[in-house]
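Here are the chains, one letter per residue:
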Amino acid sequence: MSVEVLDGATILNFVQDKEAFHVLVCDLFGHLDTNHDGLLSYAEMLKELQCLRVFETHFGIDVKPEPSELARVYESLFDQFDHDSNGTVDLEEFEAETERMLVAVANGLGFLPVQMVLEEDSFLKKAVDRELMTKVAA
Ligand SMILES: [Ca+2]
Ligand SMILES: [Ca+2]
C-alpha cells in the first residue's frame, strides 16, 4: 500500500489508453479467475468487490454495515458486472464495467487532486504509476 495523490484526469487518461487498459484488465481478470475457466464466479470476484468497497469508503459514502448487509452490497456489485445476469462475469462484462466504474470515480474526483491510500495491484495505483512514467518520458 502507498499514499498517492491523484485527480480525475489521472484516471481518465489511463482508461482512455485502450490498449494498455485492456492488457491490465486481462491481467487482473486472469488473476481473479482462479479455476481458469475464463469466467468469474461470485466467489472469484469477491476479492475485487472488496477493493471496490474500499473505494466507496474513501468517498465517505458508507458507514460500517452489518455482515448480512455487506453480503447484499457485494451481490449487487456483482450484478452490476454481470450484464446478462447469467451468474458469471466474462471478460467483456468485466472490462466494460471496470471502465464504467473508473470513469464514474474520475468524474467524482473532478480536477481537485486527492490523497488516497492505494493497494499495490489496484487500478488506481497503476493509473498513478502510468502517469508518473509518462511524465518521466516527456
Ligand atoms: Ca473462474
Ligand atoms: Ca454474465
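Throughout, residues of each chain are indexed from 1 in the direction in which the sequence is written. Ligands are numbered from 1 and chains lettered from A, in the order in which they are written. Owing to the predicted nature of the model, reporting of local features is limited to residues with pLDDT of at least 70; listing and counting of side-chain atom pairs is limited to 80 or more, with chain, interface and lining totals taken over all residues.

1. Remarks on helix α6 (residues 123-137)
Every α-helix winds through 3.6 residues per turn, so residues three or four apart in the chain are directed the same way.
So, point 1. Think of it this way: any DSSP run of H or I at least four residues long counts as a helix, any run of E at least two long counts as a strand, and we number them from the N terminus. Given the number of residues in a helix, its expected span is that number minus one, multiplied by 1.5 Å. End to end, α6 covers 21 Å across 15 residues, agreeing with the expected 21 Å (1.5 Å per residue, within 8%).
So, point 2. On its buried face, α6 is in contact with β1 (2-6), α1 (8-16), α2 (18-32), α5 (91-109) and β4 (114-118). By definition, residues are in contact whenever their C-beta atoms, placed on the basis of the backbone, come within 7 Å of each other.

2. Here's the deal with helix α4 (residues 67-81)
So, point 1. Over its 15 residues, α4 extends 21 Å from the first C-alpha to the last, a length consistent with the 21 Å expected when each residue adds 1.5 Å.
So, point 2. Within α4, burial applies to Leu-77, Phe-78 and Phe-81. Around the axis of α4, the buried residues are gathered within 100 degrees of arc, so they sit on the same side. With respect to the buried face of α4, the exposed residues turned more than 90 degrees away are Ser-68, Glu-69, Arg-72, Glu-75 and Ser-76. Buried residues are those with 20 or more other C-beta atoms within 10 Å of their own C-beta, exposed residues have 12 or fewer, and partly exposed residues lie in between; C-beta atoms are placed from the backbone. Directions drawn from the helix axis to the C-beta atoms are what define this arc.

3. What about the UniProt feature "domain: EF-hand" (unreviewed entry) in the protein?
So, point 1. UniProt positions are given in the numbering used here, feature names are shortened, and annotations may be inferred rather than shown by experiment. What UniProt calls "domain: EF-hand" (unreviewed entry) maps, in this numbering, to residues 69-104.
So, point 2. Its end C-alpha atoms 23 Å apart, residues 69-104 is made of 75% helix and 6% strand.

4. Focus on the nonpolar core
So, point 1. We define the nonpolar core as any set of buried residues of the types Ala, Val, Leu, Ile, Met, Phe, Trp, Tyr and Cys, connected via C-beta atoms lying within 7 Å of each other. Formed by Leu-6, Ile-11, Phe-14, Phe-21, Val-105, Ala-106, Leu-118, Phe-123, Leu-124, Ala-127 and Val-128, the largest nonpolar core amounts to 11 residues.
So, point 2. Elements represented by at least two residues in this core include exactly α1, α5 and α6.
So, point 3. Sort the elements by how many residues they give to this core and α6 lands first, with 4 residues.
So, point 4. When near neighbours in sequence (up to four residues on either side) are disregarded, Phe-21 contacts Phe-14 and Val-15.
So, point 5. Ranked by size, the runner-up nonpolar core spans 8 residues in total, among them Met-45, Phe-81, Val-89 and Phe-94.

5. Description of unusual backbone geometry
So, point 1. With a phi angle near 55 degrees, His-36 is a residue other than glycine that sits in the positive phi range.
So, point 2. Within the fold, His-36 resides in the loop between α2 and β2 (39-40).
So, point 3. Here the phi dihedral of Ser-85 falls at roughly 50 degrees; this positive angle occurs in a residue that is not glycine.
So, point 4. Looking at the secondary structure, you find Ser-85 in the loop between α4 and β3 (89-90).

6. With respect to the packing of α1 against α6
So, point 1. Here α1 crosses α6 at 90 degrees, and the two axes come no closer than 9 Å. Of the possible angle classes, the one that applies to α1 and α6 is roughly perpendicular. For the pair α1 and α6, contact is made by Thr-10, Ile-11, Asn-13 and Phe-14 and by Leu-124, Ala-127, Val-128, Arg-130 and Glu-131, respectively.
So, point 2. When residue character is reported, Ala, Val, Leu, Ile, Met, Phe, Trp, Tyr, Cys and Pro are called nonpolar, Asp, Glu, Lys and Arg charged, and the others, Gly included, polar. In terms of residue class, the contact of α1 with α6 is made up of 5 nonpolar, 2 polar and 2 charged. Axis angles are defined between N-to-C directions and span 0 to 180 degrees, where every axis is a line fitted to C-alpha atoms and, for a helix, only to the segment in contact. Reported orientations rely on four angle classes, namely roughly parallel under 35 degrees, roughly antiparallel over 145, roughly perpendicular from 65 to 115, and oblique for the rest.

7. With respect to the packing of α1 against α5
Axes are the key here: two packed helices are described by the angle between their axes and the distance separating the axes.
So, point 1. It is at 8 Å that the axes of α1 and α5 come closest, and there the two elements cross at 155 degrees. Judged by the inter-axis angle, α1 sits roughly antiparallel to α5. Relative to α5, α1 is oriented so that their crossing is left-handed. Across from Gly-8, Ile-11, Leu-12 and Val-15 in α1, the residues of α5 making contact are Glu-99, Leu-102, Val-103, Val-105, Ala-106, Asn-107 and Leu-109. Here a crossing is taken to be left-handed if its near helix is turned anticlockwise relative to the far helix by less than a right angle, and right-handed if that turn runs clockwise.

8. Observations concerning the environment of Glu-99
So, point 1. Along the chain, Glu-99 turns up in helix α5.
So, point 2. Separated by 88 residues in sequence, Glu-99 and Ile-11 have C-alpha atoms that sit 9.9 Å apart.

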